[in-house]
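# Topology and contacts: notes
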Amino acid sequence: MAYIHYVCGRFFIIRGSIIYESDDAVSWTKTYDFSSISYEPRQIAGGENILVTAKSPLMNEIVFAYIVNGKWTLSDFTTSMSISSLVYGNGTFIARTSNRNIYSKNGSSWTYGAASPAFLTFDGRQFISIAENHCDILVSDDGYEWSQVHVFENEMTGILKLV
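Residues numbered from 1 in each chain as written. Predicted model: local features only at pLDDT ≥ 70, side-chain atom pairs only at ≥ 80, totals over all residues. Heavy atoms only, no water.

### Topic: the overall build of the protein
The test is simple: We count a stretch as a helix when DSSP gives it H or I for four or more residues in a row; a strand needs E for two or more, and each element gets its number in order from the N terminus. Buried residues are those whose accessible area, probed at 1.4 Å on protein chains only, stays under 20% of the maximum for their type, while exposed residues exceed 50% and partly exposed ones sit between those limits. Each accessible area is a Shrake-Rupley result for a 1.4 Å probe, and residues are judged covered by the shown protein chains and nothing else.
Across its full length, the protein holds 0 helices and 16 strands. Among the 163 residues that make up the protein, the fraction classed as buried is 42%. With an accessible surface of roughly 9,200 Å², the protein has 52% of that area assigned to carbon and sulfur atoms.

Written out as C-alpha cells, the structure is:
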C-alpha cells in the first residue's frame, strides 16, 4: 500500500519502507529507505526543517522517526496506541491516538496530553477537528486548549447552521 502526503511545500509518497519526494508530483526521487531497520512509516508531518513519520508495526506499537539536516533518526518514544492523525502547526507536532494526543516540539521527545478530538488538521493558523457529537468543530491555536464552534443543527439531518 502507498500513502501520499503534501508537507512543507513538497509531495511525499510512502511505499512500504521507502519514502519518495517530489516538488511537482510528476518527477519523484527516492529519498530514504527504512528497510534495513524494518520501519514502514504510514503518516508524515513537518515544519521548520523537521519531518516526522509514524508507523504502526505488528502489535500496534507506534514508533516515530524524525529528520533533521537530511538524517533520519528513530525516536526512543513508543506507544501501543494507534494513531489516527499526525499534524504539525505553530511549532508543535501532534499525534492523535485512540484516546488522547501526544505532543512534540522536535520529533524526538514526546509527551502525553489529555483526551482530545480525533482527526486533526492544521489550516496554517490553527488546529481544527470535529467534536465527538459530529455537530461541532473544535479549534485550537496550540493543540492543548480547544474551543467549540457549533456548525450543524442536527447530526441526523446534516443541516448546516451558520453561527
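### A look at the sheet that holds strand E4 (residues 29-33)
For the record, the criterion: In this scheme, strands are said to pair when DSSP sees at least two bridges between them. To define axes, lines are fitted to C-alpha atoms, for helices over the stretch in contact only, and angles between the resulting N-to-C directions are given on a 0 to 180 degree scale.
Spatially, E1-E2-E3-E4 is the arrangement adopted by the 4 strands of the open sheet, whose pairing is antiparallel. Every interior strand has two partners, whereas the edge strands, strand E1 (2-7) and E4, have only one. For this sheet the average axis-to-axis angle between neighbouring strands, irrespective of direction, equals 25°. Bridge analysis of strand E3 (residues 18-22) against E4 gives 4 bridges, and the strand direction is antiparallel. Pairing of Glu21 across the sheet is with Thr29, part of E4.

### A short note on the pairing of strand E11 (residues 101-104)
Across the two faces of E11 the burial is the same, with Asn101 and Tyr103 and Ile102 and Ser104 all buried. The sheet contact formed by strand E10 (residues 92-97) and E11 spans 4 bridges and is antiparallel. Across the sheet, residue Ile94 finds its bridge partner in E11, namely Tyr103. Between E10 and E11, which pair antiparallel one after the other, the connecting turn spans 3 residues. Pairing analysis gives 2 bridges linking E11 to strand E12 (residues 111-112), with the strands arranged antiparallel. Pairing of Tyr103 across the sheet is with Thr111, part of E12. Where E11 folds back onto E12 in an antiparallel hairpin, the turn is made up of 6 residues, including Gly107, whose phi is positive at roughly 85°.

On their own, these measurements won't tell you what the molecule is for.
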